[in-house]
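Commentary on secondary and tertiary structure
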Amino acid sequence: MTQREILRCEDLLYEAIRFTKQSREEFEFVKQCFKNDVMYGCERNQRKSDRHWGYAEGIFKALGFEHREMKRLQDLVKW
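Reference entry: report on the structure contained in this document. Numbers given for residues are sequential positions, taken from 1 along each chain in its written order. Whole-chain, interface and lining totals are the exception, using all residues; otherwise, since this is a predicted model, local features are given only for residues with pLDDT of at least 70 and side-chain atom pairs are given and counted only at 80 or more. Side-chain measures were taken over the full set of non-hydrogen atoms in the model, leaving aside hydrogen atoms and water.

One can describe the packing of helix α1 (residues 3–35) onto helix α3 (residues 70–77) by two numbers: an axis separation of 10 Å at closest approach and a directional angle of 25°. Classified by the interaxial angle, the pair formed by α1 and α3 is roughly parallel. The way α1 lies across α3 gives a crossing that is left-handed. For the pair α1 and α3, contact is made by L13, A16, I17, T20, K21 and R24 and by M70, R72, L73, D75, L76 and V77, respectively. Each residue gets one of three labels, nonpolar for Ala, Val, Leu, Ile, Met, Phe, Trp, Tyr, Cys and Pro, charged for Asp, Glu, Lys and Arg, and polar for the others, Gly among them. Across the contact of α1 with α3, the residue classes break down as 7 nonpolar, 1 polar and 4 charged. In this analysis, axes come from line fits to C-alpha atoms, helices being fitted only over the stretch in contact, and the angle between any two N-to-C directions falls in the range 0 to 180 degrees. Note on conventions: DSSP H or I runs of at least 4 residues are helices, E runs of at least 2 residues are strands, and numbering of each starts at the N terminus. For classification purposes, angles smaller than 35 degrees are called roughly parallel, those larger than 145 roughly antiparallel, those between 65 and 115 roughly perpendicular, and all remaining angles oblique. Definitions for this section: a left-handed crossing has its near helix turned counterclockwise from the far helix by less than a right angle. A right-handed crossing has that turn clockwise. Here, two residues are considered to be in contact whenever any of their heavy atoms come within 4.5 Å of each other.

Right, dumping it as structure tokens:
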């Protein structure tokens, strides 16, 4: 891989880590909405959480290159 490709892959990697963290936060909000019986908020945030989670998981599967942060992303995705 060229240096430019490595930098782009790193950018995607960090973006995926950010999206997994955001997905977890949204899922915690879903739990709160479910406890408070606010189904609209629950459904809306569940879809956002699923979309962010799927994006991050897709990046993880597509990248497949050696990097110290890939293990971190793998742990976050395999949550």
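Now that the structure has been shown, we can carry on.
Further remarks concern the pattern of salt bridges. Throughout this description, the term salt bridge denotes a Lys or Arg side-chain nitrogen within 4 Å of a carboxyl oxygen of Asp or Glu. Taken as a whole and judged by the stated rule, the model has 5 salt bridges. When the shortest N-O distance is used, the salt bridge between K31 and E28 registers 3.2 Å. Of this pair, K31 and E28 both sit in helix α1, separated by 3 residues, roughly a single helical turn. The classification of residues rests on relative accessible area computed with a 1.4 Å probe and restricted to protein chains. Under 20% of the type maximum is buried, over 50% is exposed, and intermediate values are partly exposed. Since its relative accessible area comes to 36%, K31 is described here as partly exposed. The class for E28 is partly exposed, based on a relative accessible area of 40%.

Aromatic pairs are defined between Phe, Tyr and Trp rings, using the six-membered ring for Trp, whenever the two ring centres lie within 6.5 Å; interplanar angles under 30 degrees are classed as stacked, those over 60 as edge-to-face, and all others as tilted. Scanning the entire structure with this criterion turns up 1 aromatic pair. Summarising the aromatic geometry, the rings of F19 and Y55 are spaced 4.9 Å apart at their centres and angled 80° between planes, so their arrangement reads as edge-to-face. Of this pair, F19 sits in helix α1 while Y55 sits in helix α2 (residues 39–63), placing them 36 residues apart in sequence. Take Y55: its relative accessible area is 37%, and that puts it in the partly exposed class. Geometrically, a lysine NZ or arginine CZ counts as sitting over a ring once it is within 6 Å of the ring centre and also within 35 degrees of the ring normal. The ring of F19 carries R18 above its face, with NZ or CZ at 5.1 Å from the centroid.

The subject of this paragraph is α1. One fewer than the residue count of a helix, multiplied by 1.5 Å, yields its expected span. Under the 1.5 Å per step criterion, the end-to-end length of α1 is 49 Å for 33 residues, consistent within 8% with the ideal 48 Å. Looking only at α1, the buried set comprises C9, L13, A16, I17, F19, T20, S23, E26, V30 and C33. Looking at the packing, one finds that the buried side of α1 touches α2 and α3. Once α1 ends, the next one or two residues include D37, with phi positive near 60°.

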